[in-house]
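Fold and contact review
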Amino acid sequence: MVVGNWKMNPQTLLEAKKLALAVKLSTRLMRKTQIVFCPPIVYVSPLAPVATNNFILGCQDAFYEPSGSFTGEVSVTQLHQFKVGFVIVGHSERRKKGETEETITKKVKATVAQGLTAIVCVGEDKRDASGEYLGHIKDQILSALKDTTKKYVDHIVIAYEPVWAVGGAKAMGSREVHEMAIFIRKVLRDLYGVAGDSIRILYGGAVNPTNAPEIISSGFIQGLLVGRESLKAKSFVDIIKSVDALPL
Ligand code: PGA
């Protein structure tokens, strides 16, 4: 799968529609790769008619309570009616703004309970020679999935995004991505047993059309989470093509 996280872009609905339609048109014959696009919340409703079974609407966040006095929040239940299939939870840019592990746990639980899929973002701020970052990733995963039982494995995706690569100039090398993917897979196995194998692991952080083929073919991952390059239709489509070209 390939997920496009548009963040707080583009500035107008017209541009948002153009971007979504351009990607949809160029990828309509691709059947192997699931494409998810996550526009700002304000564009979700007008873009709902553009979405299909394989070009799926996602959101960049959602609140866990179904309704109530929560100024500025939007609930998973509300998103459901606009054909939203995925919710990004715990993105590093939200964690930086104070999103806690406890909130992330609740958001994952609420998302899967509504039948949507949670794209749970994890990643270390920096790497240390003693490997403490591995414990950090494990803690983030276990905490996010703490209240989500095995029966929801098909509704969980883990996006591994080293914080230093997100918005940065350089993606992580495919060998390191591979190592992390093996580590994350083990954490998921220990948590859910063989059922954990159906959870998809994505890599995100400075993915572009040049590095995507290498990361996806040697990274032992099942997809990519793309930020900046998902705002350029041609780049995003090229990234999707490199994923779709892989043998199943
Ligand atoms: P980037 O962002 O591709 O612009 O580095 C990735 C992300 O935030 O998911």
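Data block above holds the structure.
Residues numbered from 1 in each chain as written. Predicted model: local features only at pLDDT ≥ 70, side-chain atom pairs only at ≥ 80, totals over all residues. Heavy atoms only, no water.

This part covers unusual backbone geometry. Only a minority of non-glycine residues have a phi that is not negative, and only a minority of peptide bonds are not trans. Across the junction of Asn9 and Pro10, the peptide omega takes the value -15°, indicating a cis bond. Positionally, Pro10 belongs in the loop between strand S1 (2-5) and helix H1 (13-27). Within the chain, Lys7 stands out as a residue other than glycine whose phi angle is a positive 55°. Turning to its location among the elements, Lys7 is positioned in the loop between S1 and H1. (Helix = DSSP H or I, 4+ residues; strand = E, 2+ residues; numbered from the N terminus.)

Lys7, His91, Glu161, Gly167 and Arg228 are the nearest of the 13 residues found near the ligand. Between the ligand and Ala206, the relevant distance is 2.8 Å, taken from an oxygen atom to a main-chain nitrogen or oxygen of the residue. Contact distances for the ligand include 2.6 Å between an oxygen atom and a side-chain N or O atom of Arg228. Taken together, the residues of the shell around the ligand sort by class into 5 nonpolar, 5 polar and 3 charged. (Near = heavy atom within 4 Å. Polar contact = N/O pair within 3.5 Å; in protein donor to acceptor, adjacent residues only side chain to side chain. Nonpolar A, V, L, I, M, F, W, Y, C, P; charged D, E, K, R; others polar.)

Its 12 residues place the ends of helix H9 (residues 233-244) 16 Å apart at the C-alpha level, agreeing with the 16 Å of an ideal helix rising 1.5 Å per residue. Buried within H9 we find Ser235, Phe236, Val237, Ile239, Ile240, Ser242, Val243 and Asp244. Considering only its buried residues, H9 is in contact with S1, H1, strand S2 (35-38), helix H8 (212-218) and strand S8 (223-226). (Expected span 1.5 Å × (residues − 1). Buried < 20%, exposed > 50% of the residue type's maximum accessible area, 1.4 Å probe, protein only. Contact = heavy atoms within 4.5 Å.)

Before going further, it helps to spend a moment on the packing of helix H6 (residues 132-144) against helix H7 (residues 174-192). For the pair H6 and H7, interaxial distance at closest approach is 10 Å and the crossing angle is 45°. Our classification of the angle between H6 and H7 gives oblique. With respect to the hand of their crossing, H6 and H7 are arranged in right-handed fashion. Packed against H6, whose contacting residues are Tyr133, Leu134, Ile137, Lys138, Ile141 and Leu142, the element H7 presents Met180, Phe183, Ile184, Val187, Leu188 and Leu191 at the interface. Here the contact of H6 with H7 is composed, by residue class, of 11 nonpolar, no polar and 1 charged. (Axes fitted to C-alpha atoms, helices over the stretch in contact; angles between N-to-C directions. Parallel < 35°, antiparallel > 145°, perpendicular 65-115°, else oblique. Left-handed = near helix turned anticlockwise from the far one by under 90°.)

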